[in-house]
Amino acid sequence: MTVSITVAVIAPSLLNTNGDAENAQVLARRARWGGAEAVVVPVEHPDDLPPDPDAIVIGSGSDADLEAARDLLLAIHDELRVAATRGVPILAVGTGLELLSWGIEHDDNTVTEGLGLVAGRAVANTARVSDDIVVASPRFGRLVGFENHARAYVGAEGSPLGRVAYGVGNGRDSSQEGVVMGEVIGTHLHGPLLAKNPAMADHLLASMFTRLGAGYVAGERAVEADKHAARARAAILERLGQTAD
Amino acid sequence: MRYAPAILVGRSVRTLARLRKPGGGSAVPGLVVNRIAPGYLAHALNSFAGGLVIVSGSSGKSTTTKMLVAALRAHGRSVFTNPSTANISQGLTSALLEEADLSGRIARDIAVLEMDEGHGALIAPQLSPRVVALTNVMVDQIDRFHDPEMVAGMLARIAHRATGTVVVNADDAHLVELAEALHDRVQFLRFGVTTEVLDRSRHGLGHARQSEERLPAADGVLVTAVDGRLATLSVDGFEHTINLPARGVHYATDAAAALATAKAVLGEAFDAGVACAAIGAIPPVFGRGEVVSIDGQNVEFVLVQNPASFQLNIDTVDTDAPKLFAIGSDVRDPSYFWPVDTSALGSVDIVSGSKAAELALQLAYDDVRIGRVEDDLARAIDDFLAAPPPSRGMKTIIFSADSMRRTRAHLGLTADTEVVS
Ligand SMILES: [Zn+2]
């Protein structure tokens, strides 16, 4: 029996400024390389949400689109909560994470209410962060990526994604990055972080396959792609003066 | 004669700079003059009898400016324009000094300036352009501008200075909104593409936000068909065929922008036929579909600078052609390229440049077959050119601006002064 995977990606027309929505494609591609069938379903409207998605990806967007993205997320709030409770992997990046949090505090003292799905909230920061980031994660090993965000994130101290080895992450001198609640992962690592951090991708895929009663083994093409990932990581780590993988 | 002392100093600095480094040091005189006479730049730019024209936007401004200048000159106008994309104030002042008389005046009818959106917004408050033309708002240079709204805001600051006409891309929702906000103060002219042209461009136009509706033919300059390097444009209801400097819808749109702007500048004197002929005579653009003969074999150069040009240029690349693809250090973080669908490439023989591994990673996830990854660009080029000629298609080198410069230098091709930021 072939495993059939559905990855929902929320509002890619609004939340894909840094290519974060492409993590949905990364999951689908690796699932296919691992012998499964896989589709990516863009959710631009509440009705687009598939009934029982196997993974959900929420990318990052510009502040002008915050309200529109939040309204869409609010309309599928219950479905997201059910998915999170069932252990469906949810990856939220940048403003995607901020919208899943308690809320976003703006410079002008207004607040964009979040969904409260994960602990913490986004608060003002002194300066925009736009640089490489390296995170030591107890669950996913070393994560290498790029961060580009104007706000800091507080209240995730109880369950961060990992400790910052290079970069800023959640900021406010926390030395921590992101937030993890079960299989819900929120992070500032933007862009195709699952491609550059295949250990994290395969962790999510393994949990997706297990929920469907199947086992996941990375396909041959994934092993090939991971060689490119290893070289990309090595180049970044060397440039930052970090020890090699 | 207020600026005569500054200009004299600028001239002597220029002479000194040339003595020290022949052909070089071109920004230095401008730097000096801007320091001793900070008002000179704006004074000179605002003093053209036929007015100042500013062209800005995320992409296509360089080509649009070239086309516009050609069209205006074909109408007998004498035009001052920035020689390279020396957008910075120093470069501009230096270029003005080349032509200025002692009072600071320049004996030309019109100034046409291509302005980077960031620098443009900075010097705009001092300028009074008669016409401002805006090409588009794209997700471009993310590390610098962070988001499209920021780019739109900078373009709005430039457009606000217009005294006569603002020319905008009707297919770009950001620009349409910006123009509507200025409606009661200035005239505005629009250009765009037809529904048919939009439907035929596989990945759309690349705007950060596309307008819901297309422009009716009667309302502006419209691209009605694009076939390779031939485009058909409708101007005032009449169709004109035009030769593009390179393949693709974005060049046709640049031509439409140039025609609409020429019309705004020339008014009654505008002759669409004259303008189209002048634009058609522009030589192929450097590094964007440019065909170069290297040791007897033809090689096509394709430049990718931002997600939009990346997608549009990739869609015009011949799938059968052998390909070398290089991305260099000018792309700080290639994440924002990931929304680009590279699968149409089919295969890439050599992936190179300092961001080779990151590029290979994206290609792999788009199921593009990769021959090999060669970090050393010089070796990659040599091996690629040494391979036997293809039975179909032309060897094609796709590169970012930095890799293009390195490729041209390695091959001993003339220094490229056309590179945009
Ligand atoms: Zn970035």
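You'll find the structure just up there.
Reading the values: rules and limits
Residues numbered from 1 in each chain as written. Chains lettered and ligands numbered in written order. Predicted model: local features only at pLDDT ≥ 70, side-chain atom pairs only at ≥ 80, totals over all residues. Heavy atoms only, no water. Buried < 20%, exposed > 50% of the residue type's maximum accessible area, 1.4 Å probe, protein only. Helix = DSSP H or I, 4+ residues; strand = E, 2+ residues; numbered from the N terminus. Contact = heavy atoms within 4.5 Å. Core = buried A, V, L, I, M, F, W, Y, C linked by side-chain atoms within 4.5 Å. Buried area = accessible area lost by both parts, 1.4 Å probe. Salt bridge = Lys/Arg side-chain N within 4 Å of Asp/Glu carboxyl O. Polar contact = N/O pair within 3.5 Å; in protein donor to acceptor, adjacent residues only side chain to side chain. Pairing = 2+ DSSP bridges. Right-handed = clockwise from strand over helix to strand, strands pointing away.

### A word on helix 13 (residues 307-316) of chain B
Across the 10 residues that make up helix 13 of chain B, a large majority, 8, are buried. Structurally, helix 13 of chain B contributes buried residues whose contacts are with helix 11 (249-266), strand 11 (297-303), strand 12 (323-326) and helix 14 (356-365) of chain B.

### Things to note about the nonpolar core
By size, the foremost hydrophobic cluster in this structure holds 46 residues, and its most contacted members are Leu72(B), Val112(B) and Leu259(B). For this core, the element with the highest residue contribution is helix 11 of chain B, accounting for 13 residues. The residues contacting Val112(B), other than those within four sequence positions of it, are Val53(B), Val55(B), Thr65(B), Leu68(B), Val69(B), Leu72(B), Val79(B), Phe80(B), Thr81(B) and Asn82(B). Core analysis: the second largest hydrophobic core is formed by 42 residues, Val3(A), Ala36(A), Ile133(A) and Leu189(A) among them.

### Considering the interface of chain A and chain B
Listed per partner, the contact involves 32 residues of chain A and 24 residues of chain B. Of the roughly 2400 Å² buried at the junction of chain A and chain B (both faces included), carbon and sulfur atoms supply 55%. Of all residues in chain A, the largest losses of buried area upon contact with chain B belong to Arg29(A), His228(A) and Arg231(A), amounting jointly to 22% of the total for that side. Between Arg231(A) and Asp375(B) there is a salt bridge, and its shortest N-O distance comes to 3.4 Å. There are 10 residue pairs in polar contact (both at pLDDT 80 or more) connecting chain A and chain B. The set of elements that each furnish at least two residues to the side of chain A that touches chain B consists of helix 1 (23-33), strand 7 (121-137), strand 8 (141-154), helix 5 (193-196) and helix 7 (220-239) of chain A. Broken down by element, the side of chain A that touches chain B gets its largest block of residues, 9 residues, from helix 7 of chain A.

### Quick notes on the pairing of strand 1 (residues 4-10) of chain A
All names here are of chain A. Burial of strand 1 is extensive: 6 of the 7 residues sit out of reach of the surface. Judged from the 7 bridges that link them, strand 1 and strand 2 (residues 37-43) form a sheet pairing that is parallel. Across the sheet, residue Thr 6 finds its bridge partner in strand 2, namely Val 39. Regarding the hand of the β-α-β motif, the stretch spanning strand 1, helix 1 and strand 2 is right-handed. Pairing of strand 1 with strand 3 (residues 55-58) involves 4 bridges; the strand directions are parallel. Residue pairing across strands places Ala 8 opposite Ile 56, the latter belonging to strand 3.

In short, geometric facts, not functional conclusions.
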